[in-house]
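Fold and geometry: a report
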Amino acid sequence: MVKRIGVLALQGDFAEHKLALEQVGAEVIEVRLPHDLDTLDGLIIPGGESTTLRKLADFYGLMKPLRAFAQDKPVWGTCAGAILLAREVVDQEPHLGVMDIKIQRNAFGRQINSFVADLDIDGEIYPAVFIRAPLIVSVGSGVKILASLNHNRIVAAQQGHMLATVFHPELTNDLRFHRRFIEMI
Ligand code: GLN
């Protein structure tokens, strides 16, 4: 059955996620208002700027519906999206606070310090794009670490139906992460 996946389309690189999801055969809905969440099988919260995403989510009355959705259905946050999911954000209040990870914003420096690295995930190599990326500084006991950079910096994690990556698979031609998310559903 074709999966209906929402992409939060308030700000950031939602168009790239939409394209990747279409390439893996999903039906994609752009989410801008609470009722857009109604019929979805899963949701991606894209990268962008977490403070701006938060302001827009507040403005459109999305915070409560997003929190309820994430508690119940598969959600994947990339970069700023991962910041939105985190239960703890270093030096500031959390946003959705649904995933048991602690995250630190801009942990790799400024925009000019953005980089691409190869990640080893279960023995497979993935190209990973880091743009003013956060870092997952710690995870709760129910959270599986999927990938680390240099063996000690956590950059991807999964807690049941919630997935967080601090890098951007949607900015590469590699569709494996989008497939993985579809398979989680
Ligand atoms: N630095 C951004 C933030 O703190 C995240 C960057 C990104 O999503 N590429 O929200």
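These remarks concern the structure in this document. Please read these numbers as outputs of a predicted model, since none were measured by experiment.

Let us now look at the nonpolar core. Counting residues in hydrophobic clusters, the biggest one holds 63 residues, and the most contacted among them are Ile-103, Leu-119, Phe-130, Val-155 and Phe-167. The biggest single contributor to this core is helix α4 (residues 80-85), with five residues. If near-sequence neighbours (up to four positions away) are discounted, Phe-130 is found in contact with Phe-108, Ser-114, Phe-115, Ala-117, Leu-149, Val-155, Val-166 and Phe-167.

Quick look at the site of the ligand now. Lining the immediate surroundings of the ligand are Gly-47, Gly-48, Glu-49, Ser-50, Cys-79, Ala-80, Ile-83, Arg-105, Asn-106, Ile-131, Arg-132 and His-168. For the ligand, an oxygen atom lies 2.7 Å from a polar atom in the side chain of Arg-105. In the environment of the ligand, a nitrogen atom lies 3.0 Å from a nitrogen or oxygen atom belonging to the backbone of Ile-131. For the shell around the ligand, the residue count by class is four nonpolar, five polar and three charged.

Looking now at unusual backbone geometry. One non-glycine residue, Asp-91, lies in the positive phi region at around 65 degrees. Its location among the elements puts Asp-91 in the loop between β5 (86-89) and β6 (99-104). Its relative accessible area of 81% is what places Asp-91 among the exposed residues. Notably, His-151 is not glycine yet its phi reads approximately 65 degrees, a positive angle. Mapped onto the elements of the fold, His-151 is located in the loop between β10 (144-149) and β11 (153-159). Owing to a relative accessible area of 82%, His-151 belongs among the exposed residues under this scheme.

Following the criterion strictly, the structure yields 10 salt bridges and no others. Between Arg-4 and Glu-27 there is a salt bridge, with its nearest N and O atoms 2.8 Å apart. Within this pair, whereas Arg-4 is found in strand β1 (residues 4-8), its partner Glu-27 is found in strand β2 (residues 27-31), the two being separated by 23 residues in sequence. Looking at Arg-4, the relative accessible area reads 25%, which means it is partly exposed. When the shortest N-O distance is used, the salt bridge between Arg-87 and Asp-100 registers 3.9 Å. Note that Arg-87 is positioned in strand β5 and Asp-100 in strand β6, a separation of 13 residues in sequence. Since its relative accessible area comes to 43%, Arg-87 is described here as partly exposed.

Another aspect to go through is the environment of Ala-128. Tracing the backbone shows Ala-128 in strand β8 (residues 124-130). On the accessibility criterion, Ala-128 (0% relative accessible area) is buried. Expressed as a C-alpha distance, the spacing of Ala-128 and Asp-174, which sit 46 residues apart in the sequence, is 9.5 Å. Among all residues touching Ala-128, those that are not within four sequence positions of it are Phe-115, Val-116, Ala-117, Leu-119 and Phe-167.

Further remarks concern the pairing of strand β7 (residues 115-121). In this structure, β7 lies alongside β8, joined through seven bridges in antiparallel fashion. When the sheet's bridge partners are listed, Phe-115 is paired in β8 with Phe-130. Taking the residues between adjacent antiparallel strands as the criterion, β7 and β8 are bridged by two residues, where Asp-122 takes a positive phi near 50 degrees.

It is worth spelling out the side chain of Glu-170 at this point. Its location among the elements puts Glu-170 in the loop between β12 (162-165) and α5 (176-184). Arg-176 provides the closest opposite charge to the buried, unpaired Glu-170, separated from it by 13 Å. Within the structure, Glu-170 has its side chain in polar contact with the side chain of His-17 (distance 3.4 Å). A distance of 2.7 Å separates polar atoms of two side chains, one belonging to Glu-170 and the other to His-168. Beyond its immediate chain neighbours, meaning those up to four positions away, Glu-170 contacts Asp-13, Glu-16, His-17, Thr-78 and His-178.

Basis of the calculations
Residues numbered from 1 in each chain as written. Predicted model: local features only at pLDDT ≥ 70, side-chain atom pairs only at ≥ 80, totals over all residues. Heavy atoms only, no water. Core = buried A, V, L, I, M, F, W, Y, C linked by side-chain atoms within 4.5 Å. Buried < 20%, exposed > 50% of the residue type's maximum accessible area, 1.4 Å probe, protein only. Helix = DSSP H or I, 4+ residues; strand = E, 2+ residues; numbered from the N terminus. Contact = heavy atoms within 4.5 Å. Near = heavy atom within 4 Å. Polar contact = N/O pair within 3.5 Å; in protein donor to acceptor, adjacent residues only side chain to side chain. Nonpolar A, V, L, I, M, F, W, Y, C, P; charged D, E, K, R; others polar. Salt bridge = Lys/Arg side-chain N within 4 Å of Asp/Glu carboxyl O. Pairing = 2+ DSSP bridges. Lys, Arg positive; Asp, Glu negative; His and termini not counted.

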